[in-house]
Amino acid sequence: WPALWRALLRPRGPRAQPGPGGRRGVRGLRRSPVRVLKPQSPREPQPPPPPAVERSAAAPGLWYEKAAAGDRRLGKVVTIAKSKKFRDNHGKVLLEGHRLIKDALEAGAVPQTLFFSTVRHLKLLPEAEIKRASLVKVKFEDIKTWSDLVTPQGLLGIFSKPDPAKMSYPAAQLANSLPLLLICDNIRDPGNLGTILRSAAGAGCEKVLLTKGCVDPWEPKVLRAGMGAHFRVPIIASLDWESLPTNLPAGTQVCVADNNDPSSTSLPRGAASAPASPTAPVKSSPKAAPEHEDEEGAAIPVQHYYEDWARAPVAVVVGGETQGLSPAALGLAASTGGRRLLIPVVPGVDSLNSAIAAGILLFEGRRQLLWRHKQEDGRQKLPVPG
């Protein structure tokens, strides 16, 4: 049986003998690279090509682009521009409304992109200025979706953050400017800061200085409350108290707004009423102006706001309603020979709104400076005795 099995399993043909190099050929085949083919997967769907840009002319040489359906640029830029971090890092601000954008363009602000719903908005803006921007026509419903206004006007703009040193403020504003400055100390409410800026522009302030801790003046709520004041008076923000004096003219006296009367008994009776003569500031009496020590121990005279205090140049510090005046503000007032300006109110009333207090002091300071300037002009016109 073993011999029979071997005979059955023996190959019938002659065994092929490997020729010379046969084993080497086998080894070469074993060492040859083998390419591995990946299984073919279904192709991923490619995004559709962007639609062709539709361009139209609003005026000779003024072209705009019509946004296609599904264009998300408006929502993207509005969302990003509302972020303070984006405004600081990229130097862009969002402006909304015909009046605000027109004031910005006339003051020299640089537009980058304007979104509008009707061509009529472009015709109301200075053509030479908007030619430098990308003009995009969108649906009014899209602007209404992203607008913060109750009744949107259909006009939004992305601008480069204005530089006060490069702005060209209105000639009427510059002609009526006075050596009166405003310093905001921890004003954190957007509506209050916008109203304060509006009062500063109306009173003819030379500039407005914002210390660190104040709300960003380019926040949309501040812009709406300011009503164009951002483009009428220079605004310098994010100042620390160490560098703030370098932004003040030489010899500036710094006064602070204060509702805290440290010695109400020493004030004359009936002090809450206005002075009898509205044309001239009332000279303060040394007995009627008690001194109050700040937290650093420096004595600061206290007097009513309608008494004589505005001597050019002068700066007024207004503090926030929550924290009030900071020790640094009081120290600056003491070092410059300033005063605490008291706005007397009815007993029982805690304090005035910071925006209201700023308006009272700024316009009183303007009145006193104009009166003093008028008196000096009168003395100069008097004949010189021979």
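Provided above is the structure to which this section pertains.
As the structure is a prediction and not an experimental result, all values here were calculated from the model.

Inspection of the secondary structure assignment puts Gln-173 in helix α9 (residues 171–175). Its relative accessible area of 13% is what places Gln-173 among the buried residues.

Across all of its chains, the model carries one cavity of 30 Å³ or more by this definition. In this structure, the largest cavity occupies an estimated 50 Å³ of space. By residue class, the composition of the lining of the largest cavity is eight nonpolar, one polar and one charged. When we break the lining of the largest cavity down by domain, the ones giving at least three residues each are domain 1 (53–167) and domain 2 (171–260 + 300–379).

A few words on the side chain of His-121. Looking at where His-121 falls in the secondary structure, it is placed in helix α6 (residues 119–123). In this structure the side chain of His-121 is engaged in a polar contact, spanning 2.9 Å, whose partner is the backbone oxygen of Gln-153. Once you skip the residues sitting within four places of it in the chain, His-121 turns out to touch Phe-116, Gln-153, Gly-154 and Leu-155.

Taken as a whole, this structure holds zero disulfides when the rule is applied. Left unpaired, Cys-184 is separated from the closest cysteine sulfur, that of Cys-214, by 5.5 Å. Look at Cys-184 and you get buried, because its relative accessible area is 0%. Here Cys-205 is not cross-linked by a disulfide; its sulfur's nearest cysteine counterpart is in Cys-184, at 9.4 Å.

Turning our attention to the layout of surface pockets. What the second largest pocket holds in volume is close to 310 Å³. For the second largest pocket, the lining is made up of 19 residues, of which Glu-96, Gly-97, Leu-100, Leu-149 and Arg-224 are closest to its centre. Elements with a minimum of two residues in the lining of the second largest pocket: β3 (92–96), α5 (98–106) and α11 (220–226). Across the lining of the second largest pocket, the residue classes break down as eight nonpolar, six polar and five charged. When residues are assigned to domains, the lining of the second largest pocket turns out to be shared by domain 1 (53–167) and domain 2 (171–260 + 300–379), each giving three or more.

Taking 1.5 Å as the rise per residue, helix α10 (residues 190–203) with 14 residues should run 20 Å; its terminal C-alpha atoms sit 20 Å apart, in good agreement. With ten of 14 residues buried, α10 lies mostly within the body of the structure. Within α10, burial applies to Pro-190, Asn-192, Leu-193, Gly-194, Ile-196, Leu-197, Ser-199, Ala-200, Ala-201 and Ala-203. Between the side-chain oxygen at the start of α10 and the backbone nitrogen of Gly-191 there is a gap of 3.1 Å, and the oxygen is on Asp-189. Directly beyond the C-terminal end of α10, a positive phi value near 80 degrees is found at Gly-204.

Cut-offs used in this document
- Residues numbered from 1 in each chain as written.
- Predicted model: local features only at pLDDT ≥ 70, side-chain atom pairs only at ≥ 80, totals over all residues.
- Heavy atoms only, no water.
- Helix = DSSP H or I, 4+ residues; strand = E, 2+ residues; numbered from the N terminus.
- Buried < 20%, exposed > 50% of the residue type's maximum accessible area, 1.4 Å probe, protein only.
- 1 Å grid on protein atoms, 1.4 Å probe; cavity = no way out; pocket = protein on both sides within 12 Å on 5 of 7 lines; lining within 4 Å.
- Points joined across faces, edges and corners; volume = space filled by probe spheres on them.
- Nonpolar A, V, L, I, M, F, W, Y, C, P; charged D, E, K, R; others polar.
- Domains from an automatic or database assignment.
- Polar contact = N/O pair within 3.5 Å; in protein donor to acceptor, adjacent residues only side chain to side chain.
- Contact = heavy atoms within 4.5 Å.
- Disulfide = S-S within 2.5 Å.
- Expected span 1.5 Å × (residues − 1).

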